[in-house]
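Below, each chain spelled out in residue letters.
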Amino acid sequence: MVQATGNPAFRLEDPTPADPRRRWASLDPDARDACYDNTRAVADSAQQVAARDAASAAYRAAHPGGLDRPYGPGARNAIDLYPARDAGAPCLVFLHGGYWQRGARELFACFAQGPNAAGWSVAMVGYTLAPEASLTRIAAEIGSALDWLAAQGPGHGIRGPLVLAGWSAGGLLTALQLGHPAVAAGLAISGVYDLAPIRQTSLNDKLHLTDAEIEALSPLRLPVVEKPLCVAYGTHELPALIHDARNLHALRAAAHAPGPLLPVPGAEHFSVLDALRRPDGILVRAAHALLGG
């Protein structure tokens, strides 16, 4: 009798961890918080943040000429400019993270290094944090900053196309402001794109999200903007962030909107930005590609 060879059956599986939000109703408050707690998920996050802050302080000190340009009345309504030698070069406009309630533009200055070295200008945008500002107001402040760059940028040596980029909370803000007239393209990194689950976590203690904000400020619930948008994430990120990125790209792809889905190999939520520290980093190259470079 012929024996079976024992060849394994073909199986096609998605290696991405399952999205825990699919069983959201069964999760207790701590488990829901864990879905979005990047600090808890990355063992050396404190060391990475400390190194980032020190590198940013050094970069600001070495490039003091364009710092603290006000674009609005708030204390945090300011932009740090790092212009390229060529005023016509593209400008990466960077929006920091911190779940709209932490962080500051000053702490992310080191991520201007890669684009600057690649010949780009960089503008680091500050904005008011929750609970002083609602997310509606924060999104409006980003619009005001872009208005300022369009009007005042040329006087500060920035005349090239603006590529709006944001990390984490800034990723959502990037997707929201992609339609701004001054924006040529967007690079959304490690963002959250549906606010509904956020309202049922401790992050909402300061955000106080409303039903109207969830509908109006969740990119996954909004019409697709036809401009190029690269949606990037680290392959070792929390599953909720990976699935939000993939869902946003899928929504855009279904509408034939341009821009790639970009998994950054081996990166978690904090190390993913290392790809902005080098002129040949994958995120710097992605920004070039958005403009056809």
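As shown above, the structure is provided for reference.
Residues numbered from 1 in each chain as written. Predicted model: local features only at pLDDT ≥ 70, side-chain atom pairs only at ≥ 80, totals over all residues. Heavy atoms only, no water.

Engineer: Before we go on, may I ask you to explain the sheet that holds strand S3 (residues 91-95) in this structure?
Structural biologist: The strands that make up a sheet pair up through hydrogen bonds in the backbone, lying either parallel or antiparallel. Taken in spatial order, the 8 strands make up an open sheet running S1-S2-S4-S3-S5-S6-S7-S8, and their pairing is mixed. For this open sheet the edge positions go to strand S1 (69-70) and strand S8 (261-264), each flanked by a neighbour on one side alone. By the bridge criterion, 2 bridges tie S1 to strand S2 (residues 78-82) in an arrangement that is antiparallel. Paired with Pro-70 across the strands is Ala-78, a residue of S2. (Pairing = 2+ DSSP bridges. Helix = DSSP H or I, 4+ residues; strand = E, 2+ residues; numbered from the N terminus.)

Engineer: Help me understand the pairing of S2 in this model?
Structural biologist: On a regular strand, one side chain projects to one face of the sheet and the next to the other, so that they alternate. Counting buried residues along S2, 5 of its 5 residues qualify, which places the element largely inside the surrounding structure. With burial as the criterion, each face of S2 is covered, one bearing Ala-78, Asp-80 and Tyr-82 and the other bearing Ile-79 and Leu-81. Alignment of S2 against strand S4 (residues 121-125), held across 4 bridges, turns out to be antiparallel. If you follow Leu-81 over to S4, its bridge partner there is Ala-123. (Buried < 20%, exposed > 50% of the residue type's maximum accessible area, 1.4 Å probe, protein only.)

Engineer: Please clarify how the nonpolar core should be interpreted in this entry.
Structural biologist: Soluble globular proteins tend to pack their nonpolar side chains together in the buried interior. One finds Tyr-36, Ile-79, Val-93, Trp-100 and Leu-173 to be the most contacted residues of the largest nonpolar core, which totals 55 residues. If we skip the residues at most four places from it in the chain, Leu-173 touches Leu-95, Trp-100, Tyr-127, Leu-135, Ile-138, Ala-139, Ile-142 and Leu-164. (Core = buried A, V, L, I, M, F, W, Y, C linked by side-chain atoms within 4.5 Å. Contact = heavy atoms within 4.5 Å.)

Engineer: Would you take a moment to explain the pattern of salt bridges for this structure?
Structural biologist: Any two side chains of opposite charge can pair, on the condition that their charged atoms come close. Taken as a whole and judged by the stated rule, the model has 15 salt bridges. Where Asp-68 meets Arg-60, a salt bridge forms, and the shortest distance between an N and an O atom there is 3.2 Å. Among the residues examined, Arg-60 registers a relative accessible area of 16% and is labelled buried. Each of the salt bridges in this network shares a partner with another, and the network as a whole consists of Arg-60, Asp-68, Asp-80, Arg-105 and Glu-106. (Salt bridge = Lys/Arg side-chain N within 4 Å of Asp/Glu carboxyl O.)

Limitation: the analysis is restricted to geometry and does not speak to function.
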